[in-house]
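Below are the chains, spelled out letter by letter.
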Amino acid sequence: SDAPQRTLPLHCLQISSFTNRSWSRTDGSTWLGDVQIHTWSHDSDIIRYLKPWAGGTFTDQQWEQLQHLFRVYRSSFSRDMQEFARIVQADYPFELQLFAGCEVHPGSIPESFIHVAFQGSSIVHFQGTSWVAVPDAPQWVGKILQVLNHDLGTRATVQWLLNDTCPQFARGVFEAGKSELEKQVKPEAWLTGARTPGSDHLLLVCHVSGFYPKPAWAMWMWGGQEHPDTQQGDTVPNTDGTWYLRVTLDVAAEQAAGLACRVNHSSLGDQDIILHWGEKDLV
Ligand code: ELG
């Protein structure tokens, strides 16, 4: 029997900015989990690989067919949206965002989607065989969908992209990039602290950086217990594909001694990093 195959969601983002009746630009990107694998610039005719394995298991011919499809799509999309903007008398500038992708689950059918947003709000998605307006979409969206859903050729192509191409590509690109996608990179951690002006408090910061994958855990500890006043930061990207996290603690200066920061990440196993606060960490 086939072993359950773990994969990652494949996501495509498209941003189209319409400045006036004659000028627009469309840019795109493809992501496998949190790793960007393609970029599609307005300035370029081709979808560019950001990873050597970004073609997945597609043949050059399959990839060339898709490049052609998306070239035609991009110019058709700009032309069609300018035409729709004229029909519904939309105000410039406006922005359309497309969020599309699929997720392949072991042992069940793949889930695919396309969501379209206008000026940052969801208006339309593709469901089954046609475009559908979201429940609270503006009135004019219905008018446009009548036209869009009339194009059976495009609807068939969208179904093919969602149901066949996307899952097939997602499986292949995950296989091709597996070793990089499943890499484990250990974090570095360090402490800084500063006096809070006008009080006898210290703001202590525990920095955790350079780790992959994204999930990480860090806590200020006091007497072997998690300090309840620990403030969790967001995990934000570094420029090299790794992640950065910080946790902070606001304490009275005399309570700082004896504090430590504890860090855990999948790359560390059960070897947590523990850093003890010291006067030397004051900046
Ligand atoms: N069709 C040419 O987004 C999201 C990926 C869609 C890929 C579609 C690829 C097919 C395509 O390029 C355009 O169609 C002609 O040529 C085709 C063969 O190349 C067929 O023969 C087809 O029958 C024929 O008509 C077509 O122009 C299409 O409309 C391009 C744009 C598709 C699209 N529409 C869309 C826009 C969907 C939902 C929501 C919105 C935004 C509405 C808000 C407006 C202000």
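Preceding this paragraph is the structure being described.
Looking at where Pro9 falls in the secondary structure, it is placed in the segment before strand 1 (10–20). The spacing of Pro9 and Asp34 is 25 residues in sequence and 9.1 Å in space, taken between C-alpha atoms. Aside from chain neighbours lying at most four places away, what touches Pro9 is Trp31, Leu32, Gly33, Cys102 and Glu103.

What follows is about helix 1 (residues 60–87). Here helix 1 spans 40 Å end to end across 28 residues, near enough to the 40 Å set by a 1.5 Å rise per residue. Once helix 1 ends, the next one or two residues include Gln89, with phi positive near 50 degrees.

A separate point is the packing of aromatic side chains. Overall, the coordinates contain 12 aromatic pairs when judged by the stated rule. Summarising the aromatic geometry, the rings of Phe18 and Phe94 are spaced 4.7 Å apart at their centres and angled 10 degrees between planes, so their arrangement reads as stacked. Of this pair, Phe18 sits in strand 1 while Phe94 is found in strand 5 (residues 94–103), placing the two residues 76 residues apart along the sequence. Judged by its relative accessible area of 1%, Phe18 is buried. With a relative accessible area of 5%, Phe94 lands in the buried category. One aromatic cluster is present, built from ring pairs that chain together Phe18, Tyr92, Phe94, Phe118 and Trp140. The ring of Tyr212 carries the charged tip of Lys183 above its face, separated from the ring centre by 4.7 Å.

The next subject is the pairing of strand 16 (residues 259–265). Note on strand geometry: in a regular strand, side chains alternate between the two faces of the sheet. Burial of strand 16 is extensive: five of the seven residues sit out of reach of the surface. Here seven bridges tie strand 11 (residues 216–222) to strand 16, and the two strands are oriented antiparallel to one another. Paired with Met221 across the two strands is Ala260, which belongs to strand 16. By the bridge criterion, four bridges tie strand 16 to strand 17 (residues 273–276) in an arrangement that is antiparallel. Its bridge partner being in strand 17, Val263 is matched across the sheet by Ile273.

Attention now moves to the pairing of strand 11. Pairing geometry for strand 11 and strand 12 (residues 225–226), over two bridges, is antiparallel. The residue of strand 12 that forms the bridge with Trp222 is Gln225. Counting the residues that bridge the hairpin from strand 11 to strand 12 gives two residues, and of these Gly223 lies at a positive phi of roughly 55 degrees.

Overall, antiparallel pairing links the eight strands, which are arranged 4-3-2-1-5-6-7-8 in an open sheet. The open sheet has two free edges, formed respectively by strand 4 (48–49) and strand 8 (130–133), since each of these has just one partner strand. Pairing of strand 3 (residues 35–40) with strand 4 involves two bridges; the strand directions are antiparallel. Bridging across to strand 4, Thr39 finds its partner in Arg48. Helix 2 (residues 139–148) contacts strand 6 (111–118), strand 7 (121–127) and strand 8 of the sheet and is inclined by roughly 175 degrees relative to strand 8.

Glancing now at the pattern of salt bridges. All told, the structure shown has eight salt bridges when counted by the stated rule. Here Asp27 ties to Arg25 by a salt bridge, and the two come within 2.8 Å at their closest N and O atoms. Using a relative accessible area of 23% as the deciding quantity, one classes Asp27 as partly exposed. A residue is classified by how much of its surface remains accessible, and Arg25, at 28% relative accessible area, is partly exposed.

Another point: the side chain of Gln82. Within the secondary structure layout, Gln82 lies in helix 1. Taking relative accessible area as the criterion, Gln82 reaches 15% and is therefore assigned buried. Residue contacts for Gln82: discarding those within four places in its chain leaves Phe18, Asn20, Arg21, Ser22, Trp23, Ser24 and Tyr92.

A separate point is the state of the cysteines. One pass over the full model with this rule turns up two disulfides. Linked covalently through their sulfurs, Cys102 and Cys166 form a disulfide whose S-S length is 2.1 Å. Here the S-S torsion is close to -90 degrees, and the disulfide linking Cys102 with Cys166 is therefore left-handed. Taken together, the positions of Cys102 in strand 5 and Cys166 in helix 3 (residues 152–181) put the pair 64 residues apart, joining distant regions of the chain. Regarding the disulfides, the protein carries the connectivity 1-2, 3-4 under sequence-order numbering of its bonded cysteines. There is no disulfide at Cys12, and the cysteine sulfur nearest it, in Cys166, is 6.1 Å away.

Thresholds applied
Residues numbered from 1 in each chain as written. Predicted model: local features only at pLDDT ≥ 70, side-chain atom pairs only at ≥ 80, totals over all residues. Heavy atoms only, no water. Helix = DSSP H or I, 4+ residues; strand = E, 2+ residues; numbered from the N terminus. Contact = heavy atoms within 4.5 Å. Expected span 1.5 Å × (residues − 1). Phe/Tyr/Trp six-rings, centres within 6.5 Å; stacked < 30°, edge-to-face > 60°. Buried < 20%, exposed > 50% of the residue type's maximum accessible area, 1.4 Å probe, protein only. Lys NZ or Arg CZ within 6 Å of the ring centre and 35° of its normal. Pairing = 2+ DSSP bridges. Axes fitted to C-alpha atoms, helices over the stretch in contact; angles between N-to-C directions. Salt bridge = Lys/Arg side-chain N within 4 Å of Asp/Glu carboxyl O. Disulfide = S-S within 2.5 Å.

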